[in-house]
Amino acid sequence: MPQYSATGRKCETETLAVLPSSGVSNIVNLHDVTNIWHIPLLLRDQRAHEAILKVLGLWCVGKVPQEPKLSEWTERASRFDKLKSPVRIAMVGKYTGISDSYLSILKALLHASVALDRKLVVDWVPSCDLEDSAAVETPDAYEKAWGLLKGANGVLVPGGFGDRGVQGKILAAKHARENNVPYLGICLGMQIAVIEYARSVMKLRDANSTEFDPAAKTPCVIFMPEGSKTHMGATMRLGSRRTFFQVNNCKSAKLYANANYVDERHRHRYEVNPDMVSEFEKAGLSFVGRDESGRRMEIIELPTHKFFVGTQFHPEFNSRPGKPSPLFLGLIAASSGQLEH
Ligand SMILES: NC(=O)CC[C@H](N)C(=O)O
């Protein structure tokens, strides 16, 4: 079903209809629309569902199929077009110009923003440009990156691998923590928030992840595969795992409707060092979600902050239009002054 401009419709439809095994009723024209949520409505208007039923032999003669129930879609698609009030989120990553690498996160931000009547503005902040070395080597990029970060209503540090740009991500987490700016750190974004807390608040200057420094003197994030530590390959903790809330009055538990546990998807090898958890908690960082063994830290929160949350899992993978991920909803709500409602 190719996309054509609205004006090309009739001509293209007739041209395609002469091709073998097609027919005018089997040709659907999806012209440009103001937002992608109009597409199911275009399909319905052109009776695409009926054409599909007929081609698959599922059309019962004399039995009219039910009209697709798209009232919720229709409402959301037109609400999207009317959004005015912006919410600016700084995405601090190893940005390479390919926004598709962060597609699930962008969609999750969008689902939450539309649900809260905000027009999403994503400011891409290349984490390397926030680093001290950039101030000397690429001062314009440095100014621009800090300008975007400081102008954002909320900060998101997504997942990632390898140490390039990590220091910039740590600085972004520090900025959010110190200035009460809403923060959501996902996977690596949670790990760097933990490293930042250890270095800045607990004065553990050598704190690091063994992913970036295998000989780290204070390894606060360590390699914790589910299988063998020496076996090569298949060491990634992948897929859906259960997180149990440790306290019910924390922000994340409330956002998940006070559930006792949540199932979210994972994709990582490193985790917060369980032997340092009590030290962190004494210093004010809460590990409000853990796995069933209590040894794997799944959600961090700073209780004194407006919204400072990190997750070892990837909540973006379970976000849907009309069913935004609770933690993305929390980030957007906190970034647009709606968290208390
Ligand atoms: N998906 C991620 O962000 C992975 C984080 C980190 N590199 C790890 O392997 O644990």
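Residues numbered from 1 in each chain as written. Predicted model: local features only at pLDDT ≥ 70, side-chain atom pairs only at ≥ 80, totals over all residues. Heavy atoms only, no water.

A separate point is the overall build of the chain. Helix and strand counts for the chain come out as twelve helices and twelve strands. For the chain, with 341 residues in total, the buried portion stands at 47%. For the chain, the proportion of contacts with a sequence separation of at least 24, taken over those separated by at least 6, is 67%. Accessible surface, the chain: about 17000 Å² in total, of which carbon and sulfur atoms supply 54%. (Helix = DSSP H or I, 4+ residues; strand = E, 2+ residues; numbered from the N terminus. Buried < 20%, exposed > 50% of the residue type's maximum accessible area, 1.4 Å probe, protein only. Contact = heavy atoms within 4.5 Å. Areas by Shrake-Rupley, 256 points an atom, 1.4 Å probe, with all protein chains shown as cover.)

Let's shift gears to unusual backbone geometry. Phi angles above zero are rare outside glycine, and Asp117 is one such case at about 60°. Even without a glycine there, the phi angle at Ala257 is positive, about 55°.

A few words on a nonpolar patch on the surface. Together, Ile52, Val55, Leu56 and Leu58 make up a nonpolar patch on the protein surface, roughly 420 Å² of accessible area in all. When its relative accessible area of 58% is taken as the criterion, Val55 is described as exposed. (Patch = residues over 30% accessible without salt bridge, like charges linked within 9 Å, V, L, I, M, F, W, Y side chains within 5 Å. Salt bridge = Lys/Arg side-chain N within 4 Å of Asp/Glu carboxyl O.)

Turning our attention to the sheet that holds strand 9 (residues 270-272). Here three strands make up an open sheet; going across it, the order is 5-6-9 and the pairing mixed. The sheet terminates laterally at strand 5 (207-209) and strand 9, the two strands that pair on one side only. Strand after strand, the sheet turns through a mean of 30° between neighbouring axes, direction not considered. For strand 6 (residues 218-223) and strand 9, the ladder comprises three bridges, and the chain directions are antiparallel. Counted as the bridge partner of Val221 is Val272 from strand 9. Together, strand 5, strand 6 and strand 9 form the strand contacts of helix 9 (residues 188-200), whose direction differs from that of strand 5 by roughly 165°. (Pairing = 2+ DSSP bridges. Axes fitted to C-alpha atoms, helices over the stretch in contact; angles between N-to-C directions.)

In the vicinity of the ligand, the contacting residues are Gly159, Gly160, Phe161, Cys187, Leu188, Gln191, Glu211, Arg267, His268, Arg269, Tyr270 and His314. In this structure, an oxygen atom belonging to the ligand sits 2.9 Å away from a main-chain N or O atom of Gly160. Here an oxygen atom of the ligand sits 3.1 Å away from a polar atom, N or O, in the main chain of Leu188. In the complex, 99% of the free accessible area of the ligand, which totals 300 Å², lies under the protein chains. Taken atom by atom, the bulk of the ligand overlaps the largest pocket. Elements with a minimum of two residues in the shell around the ligand: helix 9 and strand 8 (261-268). Across the shell around the ligand, the residue classes tally to four nonpolar, five polar and three charged. (Near = heavy atom within 4 Å. Polar contact = N/O pair within 3.5 Å; in protein donor to acceptor, adjacent residues only side chain to side chain. 1 Å grid on protein atoms, 1.4 Å probe; cavity = no way out; pocket = protein on both sides within 12 Å on 5 of 7 lines; lining within 4 Å. Sits in = over half its atoms within 2 Å of the grid points. Nonpolar A, V, L, I, M, F, W, Y, C, P; charged D, E, K, R; others polar.)

Using the criterion set out here, one finds 17 salt bridges in the structure. Across the pair Arg76 and Glu72 runs a salt bridge whose closest N-O atoms are separated by 3.0 Å. Of this pair, Arg76 and Glu72 both sit in helix 4 (residues 71-82), separated by four residues, roughly a single helical turn. Judged by its relative accessible area of 7%, Arg76 falls in the buried class. A salt bridge links Asp291 to Arg296; the nearest nitrogen and oxygen atoms lie 3.9 Å apart.

Here we take up the nonpolar core. Residues Val92, Val155, Tyr183, Cys220 and Phe280 are the most contacted members of the largest nonpolar core, which totals 42 residues. With eight residues, helix 9 is the largest single contributor of residues to this core. When sequence neighbours within four positions are dropped, the list of residues in contact with Val155 reads Ala90, Val92, Leu149, Ala172, Ala176, Val181, Pro182, Tyr183, Leu184 and Leu331. Ile105, Val114, Ala253 and Leu331 belong to the second largest nonpolar core, which has 37 residues in total. (Core = buried A, V, L, I, M, F, W, Y, C linked by side-chain atoms within 4.5 Å.)

With that out of the way, let us pick up the sheet that holds strand 10 (residues 286-290). Ordered by their spatial adjacency, nine strands build an open sheet running 2-1-3-4-12-11-10-7-8, and the pairing between neighbours is mixed. Whereas interior strands pair on both sides, the edge strands pair on one side only; in this sheet they are strand 2 (119-126) and strand 8. Going across the sheet, the axis of each strand differs from the next one's by a mean of 25°, ignoring polarity. Relative to strand 12 (residues 308-311), strand 4 (residues 183-186) is paired through four bridges, and the arrangement is parallel.

Looking now at the domain arrangement of the chain. Splitting the chain by domain gives domain 1 (3-78) and domain 2 (85-335). Each partner contributes residues to the interface: domain 1 has four residues there, and domain 2 has four residues. For the pair domain 1 and domain 2, the two sides together bury roughly 360 Å², of which 77% comes from carbon and sulfur. Here domain 1 is connected to domain 2 by zero salt bridges. Linking domain 1 to domain 2 there are zero residue pairs in polar contact (both at pLDDT 80 or more). Among the residues making up the side of domain 1 that touches domain 2, the classes are represented as two nonpolar, no polar and two charged. (Domains from an automatic or database assignment. Buried area = accessible area lost by both parts, 1.4 Å probe.)

Right, let's get into the packing of helix 4 against helix 5 (residues 103-115). Packing of helix 4 against helix 5 brings their axes to within 10 Å, and their N-to-C directions diverge by 90°. In this view, helix 4 runs roughly perpendicular relative to helix 5, as classed from their interaxial angle. Packed against helix 4, whose contacting residues are Arg76, Arg79 and Phe80, the element helix 5 presents Leu110, Val114 and Ala115 at the interface. Each residue belonging to the contact of helix 4 with helix 5 can be placed in one class, and the counts come to four nonpolar, no polar and two charged. (Parallel < 35°, antiparallel > 145°, perpendicular 65-115°, else oblique.)

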